[in-house]
Structure formats: structure tokens, C-alpha cells
Amino acid sequence: MKVAVFNTKRYERPVLEKAAEGSLIVFNFLEPRLDAQTAALAAGHEGVLIFVNDLADRAVLEKLSAGGTRFLATRSAGFNQIDREAAREFGVSLAYVPAYSPNAVAEFTIGLILTLGRHIHEGHNRVRRADFNLEGLCGFELRDMTVGVCGTGRIGTEVVKLLSGFGCKILAYDDEPNETVTLLASYVDTREELFRYSDILTLHVPLQPSTFHLIDQTALGMMKDGVFLINTSRGALLDTPAVVEALKSRKVGFLAIDVYEEEASLFFEDHSSDIISDDTFARLLTFPNVIVTGHQAFLTQHALRNIAETTVQSLQEFASGMPCTYAVPAP
Ligand code: NAD
């Protein structure tokens, strides 16, 4: 089975090849992102693999289907970049990797809270230039905080488990509460309550129409002054210009993001010699109380191995006509 792998990075090629050893899968590793222009590169490939910032909308799926693609898998837990309805119409089966390592993202989330809350990044920078002054580095202790976890699926649940070791008060909100979280946190009845009572608010809901710009001016208005926001889920959960205004007015005291609404044209590539034309993103980088990472929360050896093994399993199931264990849920 010939499989075009879009948007491949050096760190994942050997892991995918190892997972496919001894199988009939032949990978064609491609550097470009999948979009309407690059879809032609997949012609003659029955399988296509994509990642978070590839685009599998109706136009792209139509082109892939015309070129002979019958199976498309995203090497990610989120699948908001795929038009599932169009895939069904064009006869392209879909797979994803629902739980390659919730721990990877959960641990990174805690890392962001501790880094920003204790100014570890700033302390590191100062010491590197022989500045041992501690002025401005006073932090907070998690045991004094109320942490709100929005979305207690796989990742949110791991975040709650990790937080429970710090002695903080944990509030949670999810449309479908789960038992593990009930033992460690207090569910609130509405999202608004979570916004209102949290000192730290971390987002773990998927991006979908009901969560687009979940954190907008109205939501920010409900929050405590100086709230600490963390988004390791999807960029468009935040109305970023509204958050920038809230940082300027100090409504938001800290912001840590691993994802950004317009990240597709920036993340996963080296733009250090380019002029950044996205003024909102550039403004974010000027705040001392903001940390931005480039969608790296997932990136652990454990996660890469699981992504590769799950994806190869899905390809093999498709090739042998078996039902796909990790099929993307129907729209
Ligand atoms: P999941 O499907 O296990 O959990 C999502 C939870 O959100 C579910 O419990 C669901 O009931 C809840 N939910 C959905 N809509 C809601 C709403 N409107 N209000 C409240 N709760 C709602 O997903 P997961 O594996 O925990 O992943 C969460 C998200 O994390 C993914 O969708 C993906 O976008 C993101 N993610 C980011 C990275 C990264 O590297 N930064 C890596 C993996 C996943």
C-alpha cells in the first residue's frame, strides 16, 4: 500500500518506518503541508497521512479521491482539520490517534503553569547573562490556588490527577463528567462558574463550533482579575485579540499557550530570519507574563511511538478490509 505522508518531520520518519517494518506499507515522506495546491502530490497513493495543520477540507478531499486516495489518517488526537462529511461523500475512510499519550500534554500543561508561575524561564535567562537579581521573580504556590479544568476527557483527566498532588483546589467542567475526576475535583454546573471561580484556567476541550472563541471578551469579563490562562488544546478556543486586550488591562495576569489560532503559517518551521507579519502574535511575544510554545505539548518519545504504531495499525486494518479500530467518529 502506497502512503503519502504530508508534513513529515525528521523526528518522526524513523519511528513510522520502524512501526511499519515487515508490512506492505510503503511511505512516501513529503515535506509540504496538505492543501488544495499540494493534494496532487498524493496522486496514486491509496493512503494519506496528515498532521494538525494540514487541511483536509472538501476541495482537498475531492482532489485526493480523484487521485485514488481511499484512506486518510491524521497523526493527531484532534481531527478538526478534516471535513468528515466530505470524506464520506468522496469515499475516503478516516482514522486518527485518540489517545497516543494524554500524559504528554498533561505533563506539559503542568510544566507551563510552574514555569510561568515561578518565572523559571526568566530566572534561567537572567543567570545565563550573569544577572542573579531576584527582583520580579516572586511566584505563587499551587496549594494557594483554585485551578479550573475545562474539559475532562483524556487529557483533562490526567491534568486533574497531576494537579491533585499539589494540594490546590480543583474545579472541573465537562458536558460529560467522569468518575475519576469526581474523586479528585469538584465539578461545577456551568462553564461560567468555572470562569468565575478559577485563579488558573486550563483548556482541554476540542475545537468545534460550540467551543470556537470560548474565551472571548464576555468570558474574560467573568474571570477573576489576574487570572492565569493556559491553552494546550487548539488555538481558536481563544479570541486572541480579546486576550491581548485583557493582558494589557491586566485582567489576564499570565498566559501560557502551546497553540495559536493562526499557527498554521508559523508553527513547525524555522521562521527566525523572517519578518513576522501577524501583529497579534508579535504582540503576544512582547509580554513578560506570556509563554508561547510551538505546539510541542504532544512531543515525547512515548507519544511518537504510539502515534506511529496506531497509525500503522489503522493502515493495516484498512488494507485488509477490517473495521478500523481508530476510525474518526461520524459527524
Ligand atoms: P477528549 O475527546 O478525550 O476530551 C475532550 C473532552 O471535552 C470530553 O470529555 C468532552 O465531553 C469535553 N467537551 C467537548 N465539548 C465541550 C464543551 N463545549 N464544554 C465542555 N466540555 C466539552 O480529548 P483529549 O484527548 O482530552 O484532547 C483534548 C484536545 O487537546 C484535543 O481535541 C486536541 O485539540 C488537543 N490536543 C493538543 C495537543 C498538543 O500538542 N498541544 C495534543 C493532543 C491533543
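Refer to the preceding data block for the structure.
Residues numbered from 1 in each chain as written. Predicted model: local features only at pLDDT ≥ 70, side-chain atom pairs only at ≥ 80, totals over all residues. Heavy atoms only, no water.

Visitor: Can you walk me through the side chain of Asp239 in this structure?
Guide: Within the element layout of this structure, Asp239 appears in the loop between strand 10 (227–231) and helix 10 (240–248). Despite its burial, Asp239 pairs with no opposite charge; the closest candidate is Lys248, at 13 Å N-O. (Helix = DSSP H or I, 4+ residues; strand = E, 2+ residues; numbered from the N terminus. Buried < 20%, exposed > 50% of the residue type's maximum accessible area, 1.4 Å probe, protein only. Lys, Arg positive; Asp, Glu negative; His and termini not counted. Salt bridge = Lys/Arg side-chain N within 4 Å of Asp/Glu carboxyl O.)

Visitor: So what exactly am I meant to see when it comes to the pattern of salt bridges here?
Guide: Side chains that differ in charge, positive against negative, can pair when their charged atoms come close. Across all of its chains, the model carries 11 salt bridges by this definition. Two residues, Glu89 and Arg58, come together in a salt bridge whose shortest N-O distance is 3.1 Å. Here Glu89, found in helix 3 (residues 84–89), pairs with Arg58, found in helix 2 (residues 58–66); they are 31 residues apart in sequence, far enough to count as distant. Since its relative accessible area comes to 48%, Glu89 is described here as partly exposed. A residue is classified by how much of its surface remains accessible, and Arg58, at 36% relative accessible area, is partly exposed. In this structure, the salt-bridge partner of Arg129 is Asp131, at a minimum N-O distance of 4.0 Å. With a relative accessible area of 53%, Arg129 lands in the exposed category.

Visitor: So what exactly am I meant to see when it comes to the site of the ligand here?
Guide: The ligand sits among 24 residues. The nearest are Arg154, Ile155, Asp174, Gln208 and Thr232. Between the ligand and Gly153 there is a distance of 3.4 Å, counted from an oxygen atom to a backbone nitrogen or oxygen. Interatomic distance of 3.4 Å between a side-chain N/O atom of Ser233 and an oxygen atom of the ligand. Across the complex, the protein chains shield 88% of the 870 Å² of accessible surface that the ligand would expose by itself. Of the residues in the shell around the ligand, the class split is 8 nonpolar, 10 polar and 6 charged. (Near = heavy atom within 4 Å. Polar contact = N/O pair within 3.5 Å; in protein donor to acceptor, adjacent residues only side chain to side chain. Areas by Shrake-Rupley, 256 points an atom, 1.4 Å probe, with all protein chains shown as cover. Nonpolar A, V, L, I, M, F, W, Y, C, P; charged D, E, K, R; others polar.)

Purely geometric stuff here, so don't read any function into it on its own.
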